[in-house]
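Coordinate analysis (summary)
Each chain, written out:
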Amino acid sequence: MKISYHGHSIVQIQTEGKTILIDPFIHGNSLTDLNVEEVNPDVILLTHGHNDHVGDTVEIAKRTGALVVANADLTTYLSWQGVQTHGMNIGGANQFDFGKVKLTQAFHGSGYATVNNEIIYCGMPTGILFSNEGKTIYHAGDTGLFSDMKLIGERHPIDVAFLPIGDNFTMGPEDAAYAAKLLNAKTVVPIHFNTFPPIKQDPNKFIELLENQNGKVLQPGEAIEL
């Protein structure tokens, strides 16, 4: 399994011949190394409905035929755009041919802002547990710190956890470091930082806060092999 980071909250997983893309915010993301016209995922997983996470999902899914998996409210809205979807909800899991997906809670918002200055309600924000090849990846999405992260880690031994550190909209470095302790993941990777001025952070300082010294800063395009 190969897991790569691509700026902001974009994570790509390649496993058993399938490519899974999480939160493909490409247009408008100055930190990504990806090109909307060149990515070819089999599946797109979304944590919530904010524009900087839904991103280019509709364009990519229409071009590639990728299945979009997210909470049921968000997938209903995206299905109206002509996208193939599979709706889930918090606490639910499903075994797909590309791996197992389970949605966890996250504490955040989830509204999609249209060009007509409307906010579309997109259900509860979530984190994502993805499991395949005997490995488990946790993408926390956008969230504040919450104590049930300890339960998530106990119930689902995590190989790699992607945690937001940007502060302002999500956990900051100190809270994210405490989240890493609760989750007890083997490797922790910071995400959701430096894309916009309010979330400017030094990821290396976050790494220094980790008690288990198990952090890894990935530059856009860098990957971890499991």
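Check the entry above for the structure.
For the structure given in this document, a descriptive report is provided here.

**Quick look at the overall build of the protein**
Within the protein one finds 6 helices and 15 strands. Counting all 226 residues of the protein, 54% fall into the buried class. Taking the intrachain contacts of the protein between residues at least 6 apart in sequence as the baseline, contacts between residues at least 24 apart amount to 58%. Surface exposure of the protein reaches about 9700 Å², of which carbon and sulfur atoms provide 46%. Placing the 14 positive and 25 negative side-chain charges of the protein at their respective mean positions leaves the two points 7 Å apart.

**Notes on the packing of aromatic side chains**
By the definition in use, this model includes 5 aromatic pairs. The interplanar angle of 40° and the centroid separation of 6.3 Å between the aromatic rings of phenylalanine 25 and phenylalanine 196 together place this pair among those described as tilted. Here phenylalanine 25 is found in the loop between strand 3 (18–22) and strand 4 (43–45), whereas its partner phenylalanine 196 is found in the loop between strand 14 (187–191) and helix 6 (203–209), with 171 residues between them in sequence. Using a relative accessible area of 8% as the deciding quantity, one classes phenylalanine 25 as buried. For phenylalanine 196, a relative accessible area of 29% gives the class partly exposed. Relative to phenylalanine 98, the ring of phenylalanine 96 has its centre 4.7 Å away and its plane inclined at 15°; by these criteria the two rings are stacked. Grouped by ring-pair contacts, the aromatic residues Phe96, Phe98 and Phe130 constitute a single cluster.

**Examining the environment of histidine 27**
Among the secondary structure elements, histidine 27 is positioned in the loop between strand 3 and strand 4. For the pair formed by histidine 27 and leucine 46, sequence separation is 19 residues and the distance between their alpha carbons is 16 Å. With residues near it in sequence (within four places) discarded, histidine 27 still touches Val36, Glu37, Asp56 and Glu59. A polar contact of 2.8 Å, which involves the side chain of histidine 27, links it to the side chain of aspartate 56.

**Details of the sheet that holds strand 15 (residues 223–225)**
Backbone hydrogen bonds hold the strands of a sheet together, and the pairing may be parallel or antiparallel. Reading across from one edge, 6-5-4-3-2-1-15 is the order of the 7 strands in this open sheet, with mixed pairing throughout. In this open sheet, the two strands that pair with only one neighbour each are strand 6 (85–88) and strand 15. Each neighbouring strand pair of the sheet contributes to a mean axis angle of 20°, computed without reference to strand direction. Pairing analysis gives 4 bridges linking strand 1 (residues 2–5) to strand 2 (residues 11–15), with the strands arranged antiparallel. Bridged to lysine 2 within strand 2 is glutamine 14. Where helix 2 (residues 57–64) meets the sheet, it contacts strand 3, strand 4 and strand 5 (67–71), and its direction lies at approximately 160° from that of strand 4. Of the strands in this sheet, strand 5 and strand 6 touch helix 3 (residues 72–79), which is tilted by about 140° from strand 5.

**Notes on a nonpolar patch on the surface**
On the surface, Ile90, Tyr121 and Met124 cluster together into a nonpolar patch covering about 310 Å² of accessible area. Judged by its relative accessible area of 55%, tyrosine 121 falls in the exposed class.

**Observations concerning the sheet that holds strand 13 (residues 160–164)**
Spatially, 7-8-11-12-13-14 is the arrangement adopted by the 6 strands of the open sheet, whose pairing is mixed. Two strands lie at the open edges of the sheet, namely strand 7 (93–96) and strand 14, each paired on one side alone. On average, adjacent strands in this sheet sit at an angle of 15° to one another, irrespective of strand direction. The pairing of strand 7 with strand 8 (residues 99–105) spans 4 bridges and is classified as antiparallel. Along strand 8, the bridge assignment pairs alanine 93 with lysine 102.

**Things to note about helix 2**
Of the residues making up helix 2, those classed as buried are Thr57, Ile60 and Ala61. Considered in projection along helix 2, the buried side chains sweep an arc of 95° and stay on one side of the axis. Residues of helix 2 that are buried sit in contact with strand 3, strand 4, helix 1 (51–54), strand 5 and helix 3. Just beyond helix 2, the residue with positive phi is glycine 65, at close to 75°.

Criteria and cut-off values
Each chain has its residues counted from 1, following the order in which its sequence is written. Under the rules for a predicted model, residues below a pLDDT of 70 receive no local features and side-chain atom pairs below 80 are neither given nor counted, while totals for whole chains, interfaces and linings still include all residues. Only hydrogens and water are set aside; all other atoms, that is, all heavy atoms of the structure, feed into the side-chain values. Secondary structure is summarised from DSSP: a helix means a run of H or I of at least four residues, a strand means a run of E of at least two, and numbering begins at the N terminus for each. Between buried and exposed lies partly exposed: a residue is buried under 20% and exposed over 50% of the maximum accessible area for its type, with that area taken using a 1.4 Å probe on protein chains only. Here, two residues are considered to be in contact whenever any of their heavy atoms come within 4.5 Å of each other. Areas reported here follow the Shrake-Rupley algorithm with a probe of radius 1.4 Å; residue values treat only the protein chains shown as occluding. We score Asp and Glu as negative and Lys and Arg as positive, and we do not count His or the chain ends. To locate a charge, take atom NZ for lysine, CZ for arginine, CG for aspartate or CD for glutamate. Aromatic rings from Phe, Tyr and Trp, with only the six-membered ring used for Trp, were paired whenever their centres fell within 6.5 Å, and each pair was classed as stacked if the ring planes differed by under 30 degrees, edge-to-face if by over 60, and tilted otherwise. By the criterion applied in these results, polar contacts are pairs of N or O atoms within 3.5 Å in which, for protein atoms, one can donate a hydrogen and the other can accept it, and in which residues neighboring in sequence qualify only through two side-chain atoms. Pairing between strands is defined by DSSP: at least two bridges between the two strands are required. A fitted line through C-alpha atoms represents every axis, and for helices the fit uses only the stretch in contact; the resulting angles, taken between N-to-C directions, go from 0 to 180 degrees. Nonpolar side chains (Val, Leu, Ile, Met, Phe, Trp, Tyr) within 5 Å and like charges within 9 Å form the patches, drawn only from residues with over 30% relative accessible area and no salt bridge. Should a side-chain nitrogen of Lys or Arg be within 4 Å of a carboxyl oxygen of Asp or Glu, the pair is scored as a salt bridge. The directions from the helix axis to the C-beta atoms are what the arc is built from.

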